[in-house]
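Spelled out from the first residue to the last, the chains are:
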Amino acid sequence: MADSEGRKLSDEQIRRYSRQLLLDEVGIAGQQRLLQSRVLVVGIGGLGSPAAIYLAAAGVGTIGVVDADRVETWNLHRQILHFDTDEGRRKTRSAGEHLRALNPDIRVEEHDTYLSPANAADIIRPYHVVVNGCDNFPTRYLLNDACVLAHKPLVDAGVLQFHGQASTFKPGHGCLRCLFPVPPPPEAAPSCSAVGVLGALPGQMGTLQATETLKILLGAGTTLTNRFLLYDGLNCTYHSFDWDRDPNCPVCADNPKITDVTSVNYEKLGGAPMPTDNDPLTPPHEFYARRREWEVNPEDVRGWIEQNQCSLVDVRTAEERHASRIPESLALPLAQLRQKYAQGQAVRQLSETGEPVVLYCQVGERSAAAAYLLRRLGYTEAHSLRGGMLGWSNVGGDLIKGDDSS
Ligand SMILES: [Zn+2]
């Protein structure tokens, strides 16, 4: 079976892709184009997993994956490219293995690193289309700028709780900065780790990103270029709004202010800090291997409290603490602890007489990271409340609600 230019698909490829070869928009020529295409997926999490899975299954010949995080159990409900047995492994390694197992016809290029102003241009250069699967605003703006400067289409999306949004930025048609000149303030854009997300929601948005990418590669249909899609999963409503390129955009205008991403301080844009490869705060593999030793069950913590045998420390934000907290707990937000740790400052006394310190957050994720940092600061009795406030409520633990005194 050959196209008009005589290019052929193998029998195996015809069998594998037969259901999409039937589409007028694909056919032999379209499939050839997909097989010769190179797509970069930045962030192999809730969005990047379904996007990469569908791109691999469709036969996009080369898929680059960028991520420096490791697989964590609490992310598996949405990061469906990783399995339970992958816990603690590099996400890029897990993604590469599973994508190749799904479709041996494709190549996966693993970039086991965080995207940074120093490496963004080099990583993006060899790809035809870029998919944003990252969840922090500094990286999202960096990726936007790097794609504009490299003239690469970027398929963008974001999710939180039950809400999804998406837009496609094609060279010459405006960019993320035209749509949102600055990121929302942190209080207006909390992370999924703080307020949660239904796993299927990024599944839908990531799948939509795969569809957008395939349409760009095939030159088919109408993409979300100059349109912004809002999806409310709780009420199942979709709305899309038209938007225009900003002629004064700092990066995509005819005479842009930004001509090189290495000259931009993305941290200053706001939002969560930008993860970096050499971040001393990023837990090593040992953290994941030993984390369970540092966790303590809510039932045990209740017993300790009754015996006056521990002190409790809340590592969440002031807003979360205002909503509800465990009685008699100190406040030490993780961001503050990270800052102190990075600057080599002492952390104030967290327990009176050296009794265990039990750290807690919403679900036990941030408190595990805090326990890791405190242990490195010499608090050998730093523990993390397993399941956080959820685990605590589950065993009927006492809570104070709507009181901001601490
Ligand atoms: Zn722009």
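Residues numbered from 1 in each chain as written. Predicted model: local features only at pLDDT ≥ 70, side-chain atom pairs only at ≥ 80, totals over all residues.

Enquirer: So what about the overall build of the chain? Which residues, and what values?
Expert: From N to C terminus, the chain includes 15 helices and 15 strands. Relative to its 406 residues, the chain shows a buried fraction of 39%. (Helix = DSSP H or I, 4+ residues; strand = E, 2+ residues; numbered from the N terminus. Buried ≥ 20, exposed ≤ 12 C-beta atoms within 10 Å, placed from the backbone.)

Enquirer: So what about the sheet that holds strand 13 (residues 357-360)? Which residues, and what values?
Expert: An order of 9-14-13-10-12 is seen for the five strands of this open sheet, with the pairing classed as parallel. Edge positions in the sheet fall to strand 9 (295-296) and strand 12 (329-331), since each of these pairs with one other strand and no more. Note that strand 10 (residues 311-314) and strand 13 share four bridges and pair parallel. Paired with Leu 312 across the bridge in strand 13 is Val 358. Of the strands in this sheet, strand 9, strand 13 and strand 14 (382-385) are in contact with helix 14 (residues 366-376), which crosses strand 14 at around 180°. (Pairing = 2+ DSSP bridges. Contact = placed C-beta atoms within 7 Å. Axes fitted to C-alpha atoms, helices over the stretch in contact; angles between N-to-C directions.)

Enquirer: Can you lay out helix 3 (residues 48-57) for me, pointing to particular residues and giving the numbers?
Expert: In an α-helix, one turn spans 3.6 residues, which is why side chains three or four residues apart end up on the same side. Where burial is concerned, most of helix 3 is hidden: eight out of the ten residues are buried. Every buried residue belonging to helix 3 is among Gly 48, Ser 49, Pro 50, Ala 51, Ala 52, Ile 53, Leu 55 and Ala 56, and all of these are buried. A positive backbone phi angle near 90° is found at Gly 59, which sits one or two residues after helix 3.

Enquirer: If you had to explain the sheet that holds strand 6 (residues 163-169) to someone new, which residues and values would you point to?
Expert: Strand order in this open sheet of eight strands is 3-2-1-4-5-6-7-8, and the pairing throughout is mixed. Taken across any chain shown, the strands that pair with only one partner, and hence form the sheet edges, are strand 3 (107-111) and strand 8 (237-242). In this sheet, adjacent strand axes meet at a mean angle of 15° when their direction is disregarded. As defined by bridge partners, strand 7 (residues 227-232) adjoins strand 8 across six bridges and the pair is classed as antiparallel. Paired with Arg 227 across the bridge in strand 8 is Asp 242. The strands touched by helix 4 (residues 91-102) within the sheet are strand 2 (62-66) and strand 3, with strand 3 carrying the most contacts at an inclination of about 175°.

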